[in-house]
Amino acid sequence: MALKQLNATDQERLRKQVAAEVGESRKFVQNKREDFKDRLKLYNNQKKDRSKIGVMTIYAFHNVHMALSYVDELSVKFEAREQGDTQKSNLKTMIAKFDHEEMNMPELDYFTKWDKFFYGVGIRYIGSWDKELKVPIVKSFSPLLWLPDPSGYGNAESFRWHGIEDEVKKSEMTDDNGYYPSVIKTIQPNKDASSATYEFQQALSEAQNTDIPAERSTDINDVKIQVIHQFTKFNGKKVLVTIDAGLAKILRYVEVDPVTDAEKNDPSRCPWGLVLNYYSPLKGDPFGVSLTDIIEDKQRALSILANIQLLKEQAALWPMYLYNRQRIPNKGDLNFAFNKFIGVNGEISGAVEPLKKDLNSGTTINQEQKILAEAQFVTGTDQIQMGVLSSESRTKHEIQQVSVNSSLRQLLHAKVDNWGEKAFWGAWSRMYDAFFTEKDEKVIRITSSLNTSFKTIRRRDFATKNDPDIIIESKLESDAKRNEKRLAYAQGLPMLLQSPSTPQAAKNFALRKNFELSGMDDDEVMMLVPA
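The rules we used
Residues numbered from 1 in each chain as written. Predicted model: local features only at pLDDT ≥ 70, side-chain atom pairs only at ≥ 80, totals over all residues. Heavy atoms only, no water. Salt bridge = Lys/Arg side-chain N within 4 Å of Asp/Glu carboxyl O. Helix = DSSP H or I, 4+ residues; strand = E, 2+ residues; numbered from the N terminus. Buried < 20%, exposed > 50% of the residue type's maximum accessible area, 1.4 Å probe, protein only. Contact = heavy atoms within 4.5 Å. Pairing = 2+ DSSP bridges. Phe/Tyr/Trp six-rings, centres within 6.5 Å; stacked < 30°, edge-to-face > 60°. Polar contact = N/O pair within 3.5 Å; in protein donor to acceptor, adjacent residues only side chain to side chain. Axes fitted to C-alpha atoms, helices over the stretch in contact; angles between N-to-C directions. Core = buried A, V, L, I, M, F, W, Y, C linked by side-chain atoms within 4.5 Å. Expected span 1.5 Å × (residues − 1). Parallel < 35°, antiparallel > 145°, perpendicular 65-115°, else oblique. Left-handed = near helix turned anticlockwise from the far one by under 90°. Nonpolar A, V, L, I, M, F, W, Y, C, P; charged D, E, K, R; others polar.

Colleague: When you look at the pattern of salt bridges in this model, what are you seeing that I'm missing?
Modeller: Pairing is possible between side chains of opposite charge, provided their charged atoms come close. Inspection of the entire model under this criterion finds 24 salt bridges. Across the pair Lys77 and Glu79 runs a salt bridge whose closest N-O atoms are separated by 3.7 Å. Here Asp109 and Arg124 are joined by a salt bridge, their closest N and O atoms 3.3 Å apart. Pair noted here: Asp109 is in helix α4 (residues 105–119) and Arg124 is in strand β3 (residues 121–130), with a separation of 15 residues, a long-range link. The exposure class of Asp109 is buried, given its relative accessible area of 17%. According to the relative accessible area criterion, Arg124 is buried, its value standing at 1%. A single network of salt bridges, built from pairs that share partners, joins Arg39, Asp293, Glu296 and Arg300.

Shown next, in the form of structure tokens:
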């Protein structure tokens with residue numbers, strides 16, 4: 001992105017445009033943010049009434065889906081579109097695997113998944129370059145601070161704009177990062193307690209029953225400034241504008257520079273660098289459907305039923321009684337004491353009787369089971385996947401079928417996740433095209449099943465004539481396809497190997513293919529059956 005200077009007229013026109021977009025987005029997300037903050041309390045409420053039972057259904061289902069998402073790993077592969085580019089595309093795949101650790105993606109991926117299940121969408125931004133490590137810089141933004149175009153959905157580039165409410169240290173607002181130094185000098189910290197970032201911290205603190213950490217820094221350069229990063233379009237170009245929380249001053253204005261020939265011909269095709277990963281996208285809704293949308297009402301109902309059951313148990317332990325005042329004139333005689341004798345006027349029978357009240361606990365338990373069954377049905381998560389021993393007696397075949405059906409539903413989510421991963425690695429590749437120059441060098445580690453080697457790469461080693469295709473592979477899907485092919489292949493393999501008319505080269509190829517379908521790495525296969 002390139003820092004641009006705007007004249008006073010354009011600056012005011014842009015400020016009004018951003019203010020209008022932010023206003024429309026804030027109105028749209030207002031109710032959603034209240035729902036999100038309530039759900040943070042339901043996720044792990046440490047401020048609850050200590051005399052009540054806290055049911056953590058959202059936490060349990062969210063946790064299971066997080067775990068299941070790691071069972072099906074997604075991997076990226078670059079495939080050449082022209083002859084002669086295969087080796088370069090393979091090297092690009094190796095660079096991507098190496099950069100995954102360098103960019104701290106394991107941690108960022110975790111929070112993206114967390115947001116995706118909880119809010120419905122995970123948001124990553126890949127728009128700057130680390131000159132030391134020579135890798136793109138990736139950030140994760142909370143959907144609770146997202147100000148999306150209300151009519152947008154799906155791919156981030158289909159939105160008219162995106163806003164991100166954020167806090168930035170004044171020391172980070174440099175001209176190298178695109179900020180206007182003369183404007184930054186005049187900016188003072190905004191201590192408005194109604195800001196979105198403050199409300200976000202407050203919601204987390206209330207859920208955890210803690211206080212919001214105070215700003216301890218006395219250095220003005222380390223104090224955080226509340227801002228809005230607005231990804232929008234201005235004068236036919238994709239731009240990033242940072243404006244103060246009061247929407248009064250533009251602090252930064254950078255245009256997204258075109259990199260590819262298509263972008264140079266049409267600057268509106270330049271990407272902002274935002275990537276959205278959805279749990280269950282919904283046409284016309286920027287957030288889509290989240291796991292908490294599905295589970296929230298079940299948790300609330302289960303909490304009510306659990307506390308009703310608790311009251312029933314307490315009522316059964318300390319019931320109410322009817323007593324005859326003529327036979328027991330002193331009510332205090334009914335107070336409990338060890339080895340106590342109570343005088344009764346007349347017959348003992350009928351002097352005290354328990355107040356009859358329906359305390360049948362079976363109806364409450366049945367309702368709880370029905371609600372849990374509904375939650376499992378809509379999410380495709382059964383007790384076995386949740387690590388709980390099922391109360392039902394099932395055959396081995398039934399358990400296997402349930403597992404297969406659940407895997408199919410998880411595969412659907414993996415398919416949707418592919419969209420975001422493909423967009424992410426496309427943005428990653430574009431960053432190399434934009435920032436990794438002919439003079440740059442970088443050492444990457446290549447790990448195989450046999451050894452670990454190191455390779456110094458230059459731009460010419462992986463730059464292709466046409467951008468390679470980006471293939472996102474699902475482990476569950478690829479394993480299922482490979483296993484199906486392996487079984488079909490194994491049926492004809494013995495006959496092929498035993499036939500005297502089969503050339504040795506064909507036998508070697510058949511063996512290599514069989515080992516490949518069994519899941520062996522290429523270097524292992526070549527060691528066992530050399531070409």
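Still to come is the rest of the account.
Colleague: Could you clarify how one ought to interpret the side chain of Lys37 in this entry?
Modeller: Within the secondary structure, Lys37 is located in helix α1 (residues 8–43). In contact with Lys37, not counting residues within four places along its chain, are Leu144, Glu199 and Ala203.

Colleague: Looking at this model, I keep getting lost on the pairing of strand β10 (residues 274–278). Mind explaining?
Modeller: The two faces of a sheet get side chains in turn, since along a regular strand they alternate between them. Most of β10 sits out of view: five of its five residues are buried. Here β10 shows a buried face lined by Leu274, Leu276 and Tyr278 and a second buried face lined by Val275 and Asn277. Strand direction decides the pairing type here: β3 and β10, joined by five bridges, are antiparallel. Its bridge partner being in β10, Gly122 is matched across the sheet by Asn277.

Colleague: Sorry, what's going on with the packing of aromatic side chains here?
Modeller: How two aromatic rings sit relative to each other is set out by the distance from centre to centre and by the angle between their planes. All chains considered together, the criterion is met by 25 aromatic pairs. Each ring, one from Phe36 and one from Tyr119, has its centre 4.8 Å from the other, and the planes form 85°; the classification is edge-to-face. With a gap of 83 residues between them, Phe36 in helix α1 and Tyr119 in helix α4 connect regions that are remote in the sequence. For the pair Phe36 and Tyr119, a shared accessibility class is recorded, and that class is buried.

Colleague: Explain the side chain of Asn418 here, please?
Modeller: Residue placement: Asn418 occurs in helix α10 (residues 396–435). A relative accessible area of 12% means that Asn418 is categorised as buried. For Asn418, the contacting residues outside a window of four places in its chain are Leu74 and Ile472.

Colleague: How do you make sense of the environment of Asp461 when you look at a structure like this?
Modeller: Structurally, Asp461 is set in helix α11 (residues 459–462). In contact with Asp461, other than residues within four places in its own chain, are Lys88, Leu91 and Thr456. At a separation of 2.8 Å, a polar atom in the side chain of Asp461 contacts the main-chain amide nitrogen of Arg458.

Colleague: Sorry, what's going on with the sheet that holds strand β4 (residues 135–141) here?
Modeller: Hydrogen bonds between backbone groups are what pair the strands of a sheet, and the pairing can be parallel or antiparallel. Within the open sheet, the three strands sit side by side as β4-β3-β10. Their pairing is antiparallel. Unpaired on one side and paired on the other, β4 and β10 mark the two borders of the sheet. The sheet shows a mean angle of 30° between the axes of neighbouring strands, direction not considered. Where β3 and β4 come together, seven bridges link them in antiparallel fashion. Directly across from Asp130, in β4, lies its bridge partner Val135.

Colleague: How do you make sense of unusual backbone geometry when you look at a structure like this?
Modeller: Residues apart from glycine generally show negative phi values, whereas peptide bonds are mostly found in trans. In this model, Asn235 sits at a positive phi of 55°, which is unusual for a non-glycine residue. Tracing the sequence through the fold places Asn235 in the loop between β7 (224–234) and β8 (237–244). Backbone geometry at Asn339 places phi at a positive 50°, although glycine is not the residue there. Relative to the assigned elements, Asn339 resides in the loop between β13 (321–323) and β14 (352–354). Taking the relative accessible area as the measure of exposure, Asn339 reaches 70% and is therefore exposed.

Colleague: So what exactly am I meant to see when it comes to the nonpolar core here?
Modeller: Buried together is how nonpolar side chains tend to be arranged in soluble globular proteins. Core analysis: the largest hydrophobic core is formed by 64 residues, its most contacted members being Leu14, Tyr119, Trp146, Met173, Leu251, Tyr253 and Leu276. Judged by nonpolar contacts, the second largest core, of 26 residues, contains Leu91, Ala96, Met103 and Met431.

Colleague: Help me understand helix α3 (residues 86–102) in this model?
Modeller: An α-helix turns once per 3.6 residues; consequently, residues spaced three or four apart project the same way. The first and last C-alpha atoms of α3 sit 25 Å apart over 17 residues, in line with the 24 Å expected at 1.5 Å per residue. Taken as a whole, α3 has its buried residues at Ser89, Leu91, Lys92, Thr93, Ile95, Ala96, Phe98 and Asp99. Positive phi appears at Asn104, one or two residues downstream of α3, with a value of about 60°.

Colleague: Even after reading the chapter, I still don't get the packing of helix α12 (residues 475–498) against helix α13 (residues 504–517), so can you show me in this structure?
Modeller: Helix-helix packing: each pair is described by the crossing angle between the helix axes and the interaxial distance. The contact between α12 and α13 brings their axes to 9 Å, and the two run at 150°. Here α13 runs roughly antiparallel to α12, going by the angle between their axes. Crossing hand, α12 versus α13: left-handed. Touching Arg482, Lys485, Arg486, Tyr489, Leu493, Leu496 and Leu497 of α12 are Lys507, Phe509, Ala510, Leu511, Lys513, Asn514, Glu516 and Leu517, all from α13. By residue class, the composition of the contact of α12 with α13 is eight nonpolar, one polar and six charged.

Colleague: Would you explain the packing of α1 against helix α8 (residues 291–317) in this entry?
Modeller: Direction vectors running N to C along α1 and α8 enclose 60°, while the axes themselves pass 11 Å from each other. It follows that α1 is oblique to α8 by the angle criterion. Crossing geometry of α1 relative to α8 is assigned as left-handed. Contact residues: Asp38, Arg39 and Leu42 in α1; Thr292, Asp293, Glu296, Gln299 and Arg300 in α8. A class-by-class count of the residues in the contact of α1 with α8 yields one nonpolar, two polar and five charged.

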